[in-house]
Each structure stands twice: as C-alpha cells, then as structure tokens.
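Secondary and tertiary structure notes
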Amino acid sequence: MKTKTPICDFVKQYAERKYARFHMPGHKGNALLGSEPYDITEITGADSLYQARGIIAESQANATELFGTGATFYSAEGSSLCIRAMLYLTSLLSANKGRKPLVAATRNAHKVFALTVALLDIDVIWIDDESASPTLCGCLVTPAGLDNTLAKLACPPDAVFITSPDYLGNIADVNGLSEVAHKYGSLLICDNAHGAYLKFLDDERHPMDVGADMCCDSAHKTLPCLTGGAYLHIGKNAPQRLKDNAADALAMFGSTSPGYLILQSLDKVNGMLAGGYADKIKQTAERVKRLKNELTEYGYTLVGSEPLKITVNAKQYGYDGRALAKILADGNVIAEYFDADFVVLMISAENDESELNALERALKDIPKKPPLEQPNFAFKPARVTTMKQALTADTETVDVTKALGRVLACPTVSCPPAVPVLYGGELINEQAVETFLYYGITEVKVVK
C-alpha cells in the first residue's frame, strides 16, 4: 500500500514558489526557527480542516483506510479536542431521545473529560469495580464490573467512557467492555491517546478493531508526529449521526486556525505507515518485550501490558518514584512521568537501539533496596452538586489542609498525568486531603 501525502506536497510546492505572502501567519514564511516557510494558513488550495473538501479530505481518507475505521478526522489540538467532540456527539444522541445525557466512566478519566461534561451538563456515573485496584492514574475496569454497574441503573447510559491504555500502561478488555455496553444499548467510547500505534501490531488491540464506537488517538504520543496531532475515529458500525456531525463537533471546540505544520505531520505519518513504518513499530515492540523480561529478572516490578511503555513500580524496588526518576535523569534518561510510586517511560519506534541500551544500563546500575510501603488511596467521594454547578459557582482557592468538608469546584491536577483526585462537585474528605498532599497538590479551588 502506498499512500500519498497531499498536504505535504501542496505546502512544499507553495514554499518553493516563494510567493509574496499577504496572508497569515505574520512571519510571512521567513525562517526564524526554520519551519516558517511550511507554516501556512487555509489559503486557496490548502483546504479547510473542519470543512474539508480537498487535500485535507484526501489525507483524512488515507488515514481512514490505514486505521480501517468508518471515518477518521484530524485534530491539531491533541486528543483533548477529540474528547470534547466525542462527548458532544454523545449528547446529540441523547437529545434525539429527548433526555439529558448520561455517561458511565472510570475515575481515571483525563481532566478534559471532567471539564467537558461540566460544560455540556452531562450526568456521570462512575463505574464501580472492586477488582480494578485503582490508583490515581490507573483504574482497569472489567466487563463484569461494568455489567454490575449498568445493571443497577434505571436507565442505561448513552455511552461508556474508558481510558485504555491508561497512563501506567494498563490495557482494558475493550472487546468485552464493548459487548457489555452494547448489550445495554450504550456506546463504547475510548480515550486511546497513548495507543495510536496499537493498530500497527500483529494482534488486534486498537479500540477500533475490538468494538469501540468512537476513540481518540494522540498521534504525537507514540507516532512520529508533531505535538498536537491526533485522530478522532468513528467506528464502522457506529450510528451514522456520529460520522455526519464529527467535523462540526471538532469545530465547535477547536481553533479556527489549526496548525498547518501539525496537519502536514499527520499527513506525513500516513505515508510512513503505508511505506513500511509498521514493521519498525513491531520490531521496537519486540525489543521492548525483551527489555521488560530482562528488567523483571533483574528485580524490577513492572506495571501494565502496553507494548511500548515501561512503567516501573519504584516503591517495590525500594525507591520513591521521584528519586528514581532523578537518578535516571542524572544519567541522561528522561522519563515521561513520575510520582511517588511510579516511573513511566514511553517508547516509540524512534528510540534507537543505543537509547534502549542506555535505558537498560541506567536501570541496572541502580541497586535494589527493601520495598517501601505504598498507600492505598482508593475511596468513594460523596457528590454534593453536579459538575456544572460546581464549575460555574463562586469559588475561592484555599490551602488543601484547610479544605476538609469543602466542595471541589474544578479538578486540580497538572499534565501529566491530568487525572483528577476529585471531580467538581465532590466533597473533600480526609482521604482526599491526604491524596492531594501525597501528589504534591497544596491548593484547591472550592465552592464558596
């Protein structure tokens, strides 16, 4: 399969013609950083992202074929934009039924999920699964746990929203979860921001191949794409209304000036994937598998099953995760994310053998110590108001130690990992205060 790169081709020809640019951007193609000649706006011939009829439409069609979906759309604003669009599309279906939208979700949803359901006034039911062993970043719900949650509801949700892979590298049983969701007439939506590359492995792991109705992929996280490049996928068997309104849903929340460098990057990735890059991904996954086995034999406890992510349980190796990450950084190995418990190392096919060898040496140079105790912060917060009421209420910022008994106004968490300890409208109890402090959150915004 050979996929053309129409966006890249157009911009290359435009840059080579050296036109006098009386259009945005203001740099006029003059190379200040080096990329400016290729940074254009939606001029004639360049198409328009949310009304794509030309080269962007052709490129998105190429991506649709590569991923085998019903339709694939580009985002130049990451999976955050796609999550907003997916929730809006879900609300359209509920409006068609004449009711307020309802979504069942896992608590490790990205904070953009929380803010979007608040803005759209979507009711949320948290999936209760005692076997999930939740942490801040991980909450691996099972089909049985989902079934148990949905069976208790008087009315099934419009959609079930899961995060897979999660930040720690846990991959959910998307196929089993989709079967349960569909049994109740609900959509299965997946935040697959960390798993775009899963499509190009030998076994079927990508959500679109195992039953999801919609999902988002951050191409920039695991494929050779500029930061901000992402996909919104609509399943082949999903309701037609989702596909028909997807571009409008993205436009509702997206910038009217999408980054054209990012669109070229997405287009370029199409050509690479069609030209054999998938083999490079598979080879890297095999190399990482061997590395994981070696680290496990060496004494490390690893978390998750994601092929291109190594998550070290630092406490089991005798270290605070922040200290372990600093030791690695001192050896020129920079982690994606770390907290007191875990160090997350994201790998792509662009990490060469020398870098993987350096990672292996750096980890093996660290002596193992007796395990440290890991706290259990699994708790079920009480909801006082809806997320929308909390988000739009008068608020004040207070020290966490003085927040006991207050109601959180909006999530307080950085990115990464962007997974909230509490969601807006929930009561701050003693466990919440302890958890905030454990993750370094010292101030919270609360309802007055």
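Refer to the preceding data block for the structure.
Report follows, based on the coordinates. On a predicted model such as this, the values are computed, not experimentally measured, just so you know.

Comments concerning the overall build of the protein
- Helix and strand content of the protein: 13 helices and 13 strands.
- The C-alpha radius of gyration computed for the protein amounts to 22 Å, which stays within 12% of the reference 22 Å derived for 448 residues, consistent with globular compactness.
- C-alpha extents for the protein along the principal axes are approximately 65 × 60 × 45 Å.
- Looking at the protein as a whole, 55% of its 448 residues qualify as buried.
- Contacts spanning at least 24 positions in sequence make up 70% of the contacts within the protein whose residues lie at least 6 apart.
- Only carbon and sulfur atoms are counted for the fraction: they give 51% of the accessible area of the protein, which is about 19200 Å².
- Distance from the positive charge centre (44 side chains) to the negative charge centre (53 side chains) of the protein: 3 Å.

Remarks on helix H3 (residues 78–96)
- For H3, spanning 19 residues, the distance from its first C-alpha to its last is 28 Å, which sits close to the expected 27 Å at 1.5 Å a residue.
- Across the 19 residues that make up H3, a large majority, 15, are buried.
- With its phi angle positive at about 75°, Gly98 sits one or two positions after the end of H3.

Focus on the nonpolar core
- Phe113, Phe161 and Ile281 are the most contacted members of the largest nonpolar core, which has 101 residues in total.
- In terms of residues, this core owes the most to one element, helix H9 (residues 260–298), which gives 14 residues.
- In this structure Phe161 touches Ile83, Met86, Leu87, Val103, Ala104, Ala105, Thr106, Ala109, Phe113, Ile189 and Asp191, once residues within four positions along its chain are discounted.
- One finds Leu146, Ile162, Val180 and Leu188 within the second-largest nonpolar core, a separate group that totals 18 residues.

Section: helix H8 (residues 240–253)
- Its 14 residues give H8 an end-to-end C-alpha distance of 21 Å, which sits within 8% of 20 Å, the value for a rise of 1.5 Å per residue.
- Helix geometry: H8 is bent most strongly at Ala246, by close to 50°.
- Taken as a whole, H8 has its buried residues at Leu242, Ala246, Ala249 and Leu250.

What about the pattern of salt bridges?
- Scanning the entire structure with this criterion turns up 20 salt bridges.
- Where Lys364 meets Glu360, a salt bridge forms, and the shortest distance between an N and an O atom there is 2.8 Å. Linking Lys364 with Glu360, this pair stays in helix H11 (residues 353–364), spanning four residues, or about one helical turn.
- Since its relative accessible area comes to 13%, Glu360 is described here as buried.
- For Arg383, the salt bridge goes to Glu426, with nearest N and O atoms at 3.6 Å. Linking Arg383 in the loop between H11 and helix H12 (387–392) with Glu426 in the loop between strand E12 (395–399) and helix H13 (430–438), this pair joins segments that are 43 residues apart in sequence.
- A residue is classified by how much of its surface remains accessible, and Arg383, at 36% relative accessible area, is partly exposed.
- One salt-bridge network, held together by shared partners, links Arg287, Glu353, Glu360 and Lys364.

Overview of the sheet that holds strand E7 (residues 230–234)
- Taken in spatial order, the seven strands line up as E1-E7-E6-E5-E4-E2-E3 in an open sheet, and their pairing is mixed. Looking at strand neighbours, the two that pair on one side only are strand E1 (71–75) and strand E3 (123–126), the edges of this open sheet. Going from strand to strand, the sheet's axes swing by 20° on average, the running direction of each strand aside.
- Of the strand pairs in this sheet, E1 and E7 are connected by five bridges, and their pairing is antiparallel. For Ala71, the partnering residue across the bridge sits in E7 and is Ile234.

Brief notes about the packing of helix H5 (residues 143–151) against helix H6 (residues 174–183)
- With their axes 8 Å apart at the nearest point, H5 and H6 run at an angle of 15° to one another. If you check the angle between H5 and H6, you find them roughly parallel. Between H5 and H6 lies a crossing of right-handed hand. Touching Pro143, Leu146, Asp147 and Leu150 of H5 are Gly176, Leu177, Val180, Ala181 and Lys183, all from H6.

What about the packing of helix H2 (residues 55–67) against H9?
- In contact at an axis separation of 10 Å, H2 and H9 are set at 40° when each is read in the N-to-C sense. Relative to H9, the element H2 is oriented oblique. Considering the relative orientation of H2 and H9, their crossing is left-handed. Residue-level inspection shows Ile55, Ile56, Ser59, Asn62, Ala63 and Leu66 of H2 in contact with H9, the latter providing Tyr260, Leu263, Asp267, Asn270, Leu273 and Ala274.
- Class assignment for the residues of the contact of H2 with H9 results in eight nonpolar, three polar and one charged.

Focus: the packing of aromatic side chains
- Under the definition given, this model contains 14 aromatic pairs.
- A ring pair is formed by Phe113 and Phe161, whose centres lie 4.6 Å apart and whose planes are at 35°; its orientation type is tilted. Taken together, the positions of Phe113 in helix H4 (residues 111–119) and Phe161 in strand E4 (residues 159–163) put the pair 48 residues apart, joining distant regions of the chain.
- Aromatic side chains Tyr300 and Tyr317 sit 3.7 Å apart centroid to centroid with 10° between the ring planes, which places their arrangement in the stacked category. Of this pair, Tyr300 sits in the loop between H9 and strand E8 (302–303) while Tyr317 sits in the loop between strand E9 (309–313) and helix H10 (321–330); the two residues are 17 residues apart in sequence, bridging distant segments of the chain. Both residues of the pair, Tyr300 and Tyr317, count as buried.
- Here the aromatic residues Phe67, Tyr74, Phe200 and Tyr231 are joined through ring pairs into a cluster of three or more.
- Positioned over the ring face of Tyr167 is Lys309, at 5.5 Å from the centre of the ring.

About the criteria used
Residues numbered from 1 in each chain as written. Predicted model: local features only at pLDDT ≥ 70, side-chain atom pairs only at ≥ 80, totals over all residues. Heavy atoms only, no water. Helix = DSSP H or I, 4+ residues; strand = E, 2+ residues; numbered from the N terminus. Rg over C-alpha atoms; globule rule 2.2 N^0.38 Å. Buried < 20%, exposed > 50% of the residue type's maximum accessible area, 1.4 Å probe, protein only. Contact = heavy atoms within 4.5 Å. Areas by Shrake-Rupley, 256 points an atom, 1.4 Å probe, with all protein chains shown as cover. Lys, Arg positive; Asp, Glu negative; His and termini not counted. Charge placed at Lys NZ, Arg CZ, Asp CG, Glu CD. Expected span 1.5 Å × (residues − 1). Core = buried A, V, L, I, M, F, W, Y, C linked by side-chain atoms within 4.5 Å. Bend = angle between axes of the 7 residues up to and from the residue. Salt bridge = Lys/Arg side-chain N within 4 Å of Asp/Glu carboxyl O. Pairing = 2+ DSSP bridges. Axes fitted to C-alpha atoms, helices over the stretch in contact; angles between N-to-C directions. Parallel < 35°, antiparallel > 145°, perpendicular 65-115°, else oblique. Left-handed = near helix turned anticlockwise from the far one by under 90°. Nonpolar A, V, L, I, M, F, W, Y, C, P; charged D, E, K, R; others polar. Phe/Tyr/Trp six-rings, centres within 6.5 Å; stacked < 30°, edge-to-face > 60°. Lys NZ or Arg CZ within 6 Å of the ring centre and 35° of its normal.

Such coordinate-based values are descriptive only and should not be taken to indicate function.
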